[in-house]
Amino acid sequence: MSEALLKVDSLNCQFSGLRAVADLSFSVQPGAIKAVIGPNGAGKSTLFNMIAGVTAPTSGAIHFAGVRIDTLPTFRRAELGIARTFQNLQIFREMTVLENVMVGCHLHGKVGVVKALLRGRALRDEESAFRDTAFALLDRFNLAAKADVVAGDLSFGQMKVLELARALASRPRLLLLDEPAAGLPQAEAEHISQIIADLNRDGMTVLLVEHNMRMVMSLSHDILVLNNGQWIAEGTADHVRRHPDVLSAYLGETEHA
Amino acid sequence: MHAGSAILQLLVAGIGTGSIYALIALGFNVVFKSTGAMNFAQGEWVVMGGMISALLFASTHNIGLACIAAVVIVSVIGILSERLVVWPLRRPNALLITLVSIGLAICSRSLVMMILGKKPVGYPGFSEASTLFVGGIAIQTQTLWIVGLTLVFLLAMHLFFEHTIMGKALRAAAADRDAAAIVGVRVETTVMLSFAIAAFGGALAGALITPLTLSSYDQGALFGFKGFSAAMLGGIGSLPGAIVGGLALGLLEAFGSFYISSDFKDAIAFAVLLAILFARPAGLLGRADVVKV
């Protein structure tokens, strides 16, 4: 078995009395698509926030590519190769589509502040290189025609794709996708699914939170099920589908299974 | 002097003062953009720019060198200020940063008074000839320097924010802290950079205006309020807004003091400012959604 790209050990997160994530351990193998599912309030977003560095865990450890990351600042985790999208879309609405993706390229800037002040030229060259990279990404996702549009003017589906493109611009090794298909009509959800499948074929490791079960079942190699912040099952789609605890977690609320 | 040339004369004076206000307003806008806060230490940097220039001029007798060095020194002071009072805040929010900036302003003023003294200081204008006569109106050459260097600085800022990756990163961090951090932007560094830029602009304003008005340790608050007003007038957070707001305020003061009363110069400007903000709460160029914090 190869070494896990992401390894989560006995992770806890407590918000004044509420245990959002309780003693959770799992790992993600390189090249895998792993989905995290569970009813609302299961702790999926909190888990993502802890991995990306938006929320600090109460206890436990997170390792990425062998490096312990749970105490690192967010940008440092981005430098190591973790990128994410947000459940409620956090694009830079007042900037253009192209600029949004260029900010994603930011990490690969080599020109420091001092050098930039002394040599404006280096900065301009770098800017135009990023412009090309960003444009190529937009082209790949059929957004090139919208490059100079202010991002806030895109349709909801386009914004979702843009956020994905921005995440990819940092050339991550692990992509955290928080409900990439939420709120999208089926056709656009399938477009996103296709993009994710293509990325994975090129070697991208993906951790996915999604309520669209069709998408989860068709994309993921394995599935982690959470309920009330706790691990209740993990495995292939078939395994999880038949697991009694999963059934009761999902269906228990609606009584008779 | 007939009416036509009086108006021209006032126009020149208004544009000169307005440029200074624009520089200060830009400082407010840059810090606002990166933190959502009003930095009330902005005016103190104007004073420091003028007074440090004067001190350096007294020892070097080279105006260019003195002013450049002063602006650089004040930019470093801006960086230090951010590292000392903003960076240590564990969960920085706009209101908290605004509050500490008031403390920073008071401390800065005391330090300036203790180190640089209470006496107003000054130095000659940047050019040998102090006044030019063009078409019947007198223009102080320093006013030309003010307008020219303000334009250069604002243009450089425009290029920085629109055409460099670092400028975009700064805008991104301003728009959404978390999302910017996720894509690898060092948000704390962008905040530091915004303080450096704000201090640079403020110090430049101080170095430029001192030959005309002298500089003393207690002017910071007034400069701060004027720059803040100009920023609000133009639309807080908007780069072109700083120019429009600064010039509008400068012209209001020039015309108001000539046609109404110079005793009420500041009152007139603020009355008009209020009237405009009643009609357009987001400022002349501001968009309503820019103000949400």
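These numbers come from a predicted model, not from an experiment.

Scanning chain A for helices and strands turns up 10 helices and 10 strands. In terms of overall dimensions, chain A is globule-like: its C-alpha atoms have a radius of gyration of 19 Å, near the 18 Å expected for 257 residues. Reported as C-alpha extents along the three principal axes, the dimensions of chain A are approximately 65 × 40 × 40 Å. Burial status across chain A gives 42% buried among its 257 residues.

This paragraph deals with the overall build of chain B. Assigned secondary structure in chain B consists of 11 helices and two strands. Each helix and strand of chain B, placed in order from N terminus to C terminus, yields the pattern α-α-α-α-β-β-α-α-α-α-α-α-α. Rg of the C-alpha trace for chain B: 19 Å, near the compact-globule value of 19 Å for 293 residues, within the 12% margin. Along the three orthogonal principal directions, the C-alpha set of chain B runs to about 60 × 50 × 35 Å. Counting all 293 residues of chain B, 53% fall into the buried class. Summarising the internal contacts of chain B: among those between residues at least 6 apart in sequence, 75% fall at separations of at least 24.

On to the domain arrangement of chain A, then. A common way to state how big an interface is: give the accessible area lost once the parts meet. All names here are of chain A. Taken domain by domain, chain A holds domain 1 (1-81 + 172-257) and domain 2 (92-166). The interface of domain 1 with domain 2 comprises eight residues on the first partner and six residues on the second. Elements that contribute at least two residues to the side of domain 1 that touches domain 2 include exactly helix 2 (74-80) and helix 7 (186-201). With three residues, helix 7 is the largest single contributor of residues to the side of domain 1 that touches domain 2.

Our focus in this paragraph is the confidence of the model for chain B. All names here are of chain B. Mean pLDDT over chain B stands at 89; residues scoring 70 or higher make up 97%. Mean pLDDT across the elements of chain B ranges from a minimum in helix 11 (residues 265-279), with 82, to a maximum in helix 2 (residues 42-60), with 96. Below pLDDT 50 for its whole length, residues 289-293 participates in 10 contacts with residues either more than four positions away or in separate chains. Here the prediction assigns the complex a pTM of 0.83, and the interface score ipTM is 0.77.

Turning our attention to the nonpolar core. Core analysis: the biggest nonpolar cluster contains 161 residues, and A165 of chain A together with A22, I24, A180, V185 and A203 of chain B have the highest contact counts within it. The leading source of residues in this core is helix 8 (residues 187-213) of chain B, at 16 residues. Two domains each donate at least three residues to this core, and these are domain 1 (1-81 + 172-257) and domain 2 (92-166) of chain A. Setting aside chain neighbours within four positions, we find A203 of chain B in contact with W45, M48, G49, A70, V71, V74 and S75 of chain B.

This paragraph deals with helix 6 (residues 156-169) of chain A. Residue and element names in this part refer to chain A. The end-to-end C-alpha distance of helix 6 is 20 Å, a good match for the 20 Å that 14 residues give at a rise of 1.5 Å each. The buried count for helix 6 comes to 10 of 14 residues, which makes it a mostly enclosed element. Those residues of helix 6 that sit buried are K160, V161, L162, E163, L164, A165, R166, A167, L168 and A169. R171 lies just past helix 6 and shows a positive phi near 50°.

Now for the interface of chain A and chain B. With 30 residues of chain A at the interface, the matching set in chain B holds 20 residues. Counting residues per element, the side of chain A that touches chain B draws most heavily on helix 3 (residues 97-105) of chain A, at five residues. Here the residues of the side of chain A that touches chain B sort into 16 nonpolar, six polar and eight charged.

Residues and elements named next belong to chain A. Ordered by their spatial adjacency, six strands build an open sheet running 6-7-8-3-9-10, and the pairing between neighbours is mixed. Only two strands of the sheet have a single partner each, and these edge strands are strand 6 (82-85) and strand 10 (230-235). Strand-to-strand twist in this sheet, taken as the mean axis angle between neighbours without regard to direction, amounts to 15°. Two strands pair when backbone bridges link them, and strand 9 (residues 222-227) and strand 10 are joined in this way by five bridges, in the antiparallel orientation. Note that in strand 10 the partner of I223 across the bridge is G235. Packing against the sheet, helix 6 makes contact with strand 6 and strand 7 (174-178), and its axis sits at approximately 170° to strand 6.

Glancing now at unusual backbone geometry. Residues and elements named next belong to chain A. Notably, D23 is not glycine yet its phi reads approximately 45°, a positive angle. Positionally, D23 belongs in strand 2 (residues 18-28). Classification of D23 by C-beta neighbours within 10 Å gives partly exposed; the count is 14. With phi around 60°, N142 is a residue other than glycine that occupies positive phi space. Here N142 is to be found in the loop between helix 5 (120-140) and helix 6. Looking at N142, the number of C-beta atoms within 10 Å reads 11, which means it is exposed.

Next up on the list: the pairing of strand 1 (residues 131-134) of chain B. Alignment of strand 1 of chain B against strand 2 (residues 137-140) of chain B, held across four bridges, turns out to be antiparallel. Counterpart to L132 of chain B in the pairing with strand 2 of chain B is I139 of chain B.

Once that is clear, we can look at the packing of helix 5 (residues 141-163) of chain B against helix 6 (residues 165-175) of chain B. Residues and elements named next belong to chain B. Close contact between helix 5 and helix 6 brings their axes to 5 Å; oriented N to C, the two are set at 75°. Classed by the angle they form, the pair helix 5 and helix 6 counts as roughly perpendicular. Residues F160, F161, E162 and H163 of helix 5 form the contact with helix 6, whose own contacting residues are G167, L170 and R171. Of the residues contributing to the contact of helix 5 with helix 6, the split by class is three nonpolar, two polar and two charged.

For the rest of this paragraph, the subject is the pairing of strand 1 (residues 6-15) of chain A. Residues and elements named next belong to chain A. Where strand 1 meets strand 2, seven bridges bridge the pair, whose relative direction is antiparallel. Of the residues in strand 2, the one forming a bridge with Q14 is R19. Connecting strand 1 to the next strand, strand 2, in antiparallel fashion are two residues, including S16 with a positive phi near 25°. In this sheet, strand 4 (residues 59-64) lies alongside strand 1 in antiparallel orientation, the contact comprising five bridges. Bridge pairing links D9 to A61 in strand 4.

Rules behind the numbers
- Per-chain numbering applies: the sequence of each chain, read as written, is numbered from 1 onward.
- Chain labels run from A onward and ligand labels from 1 onward, assigned in the order the entries are written.
- Only residues with pLDDT of at least 70 get local features here, since the model is predicted, and only at 80 or more are side-chain atom pairs given and counted; chain-wide, interface and lining totals rely on the full set of residues.
- Numbering of helices and strands runs from the N terminus, with a helix taken as a DSSP run of H or I at least four residues long and a strand as a DSSP run of E at least two residues long.
- Note on method: radius of gyration uses C-alpha positions; expected globular size equals 2.2 Å times residues raised to 0.38.
- Exposure in this text rests on C-beta crowding, where 20 or more other C-beta atoms within 10 Å of a residue's own make it buried, 12 or fewer make it exposed, and counts in between make it partly exposed. The C-beta atoms are placed from the backbone.
- Contact definition: two residues whose C-beta atoms, as placed from backbone geometry, lie within 7 Å.
- Here the limits of each domain have been adopted from an automatic or database domain assignment.
- Scored from 0 to 100, pLDDT records how confident the predictor is in each individual residue.
- Only buried residues count toward a nonpolar core: Ala, Val, Leu, Ile, Met, Phe, Trp, Tyr and Cys, linked into one set through C-beta atoms within 7 Å.
- Here, expected helix span is obtained from the residue count minus one, scaled by 1.5 Å.
- Following the grouping adopted for this structure description, the nonpolar residues are Ala, Val, Leu, Ile, Met, Phe, Trp, Tyr, Cys and Pro, the charged ones are Asp, Glu, Lys and Arg, and the polar ones are all others, Gly among them.
- For two strands to be treated as a pair, DSSP must find no fewer than two bridges joining them.
- Only the stretch in contact is used when a helix axis is fitted, and all axes are lines through C-alpha atoms; the angle between N-to-C directions ranges over 0 to 180 degrees.
- Working definition: roughly parallel below 35 degrees, roughly antiparallel above 145 degrees, roughly perpendicular at 65 to 115 degrees, and oblique for all remaining angles.

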